[in-house]
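Observations on chain architecture
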Amino acid sequence: MKSGGWKHNQETNAKIAATRRAQLSDPAERAKISEATKARMADPAVRQRIRDGMLRASGSADELRTLRAVWRATRTTVRARFLAELLEPVCRSGREDDQS
């Protein structure tokens, strides 16, 4: 991969885009692409690889995974108290806006 995060140069990107536009303008080609995509996506391993890649790309996968695990391990009453404390300033400011 080139520095800057781009896989192809501008000329290659333009060629890829032109090929894709030509494929998508033909209904028969669109149908072939659709069927091939459905066949690939039927495999749960492919879907999991896509999810994992999207999480890695987001840059926060590990933190979110840890946060979700802690959240699930926390008692319901503690979660409710946390949310009440977190949202209390927002709710209070909404009430003050209604009174003015």
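As a reminder, the structure under discussion sits directly above these lines.
Values in this document were obtained by computation on a predicted structure and should not be read as measured data.

Another point: the overall build of the chain. The secondary structure content of the chain amounts to 5 helices and 0 strands. Put simply, the chain runs from its N terminus to its C terminus through helices and strands in the order α-α-α-α-α. Here the chain, with 100 residues, has 2% of them falling under the buried criterion. Within the structure as shown, the chain displays about 8800 Å² of accessible surface, and the carbon and sulfur contribution to it stands at 59%.

Glancing now at helix 3 (residues 44-58). In this model, helix 3 (15 residues) spans 21 Å end to end at C-alpha, consistent with the 21 Å of a helix rising 1.5 Å per residue. Between the side-chain oxygen at the start of helix 3 and the backbone nitrogen of A45 there is a gap of 3.1 Å, and the oxygen is on D43. Trailing helix 3 by a residue or two, G59 shows a phi angle of about 80 degrees, which is positive.

To continue, consider the packing of aromatic side chains. A complete count under the given rule lists 1 aromatic pair for this structure. Ring geometry for W71 versus F82: centroids 6.0 Å apart, planes at 70 degrees, classification edge-to-face. Note that W71 is positioned in helix 4 (residues 61-73) and F82 in helix 5 (residues 76-99), a separation of 11 residues in sequence.

This next bit is on a nonpolar patch on the surface. Residues W71, F82, L83, L86 and L87 make up a contiguous nonpolar surface patch of about 460 Å² in total accessible area. Looking at the nonpolar patch element by element, the count peaks at 4 residues for helix 5. Note on F82: relative accessible area 44%, which makes it partly exposed.

Cut-offs applied
Residues numbered from 1 in each chain as written. Predicted model: local features only at pLDDT ≥ 70, side-chain atom pairs only at ≥ 80, totals over all residues. Heavy atoms only, no water. Helix = DSSP H or I, 4+ residues; strand = E, 2+ residues; numbered from the N terminus. Buried < 20%, exposed > 50% of the residue type's maximum accessible area, 1.4 Å probe, protein only. Areas by Shrake-Rupley, 256 points an atom, 1.4 Å probe, with all protein chains shown as cover. Expected span 1.5 Å × (residues − 1). Polar contact = N/O pair within 3.5 Å; in protein donor to acceptor, adjacent residues only side chain to side chain. Phe/Tyr/Trp six-rings, centres within 6.5 Å; stacked < 30°, edge-to-face > 60°. Patch = residues over 30% accessible without salt bridge, like charges linked within 9 Å, V, L, I, M, F, W, Y side chains within 5 Å. Salt bridge = Lys/Arg side-chain N within 4 Å of Asp/Glu carboxyl O.

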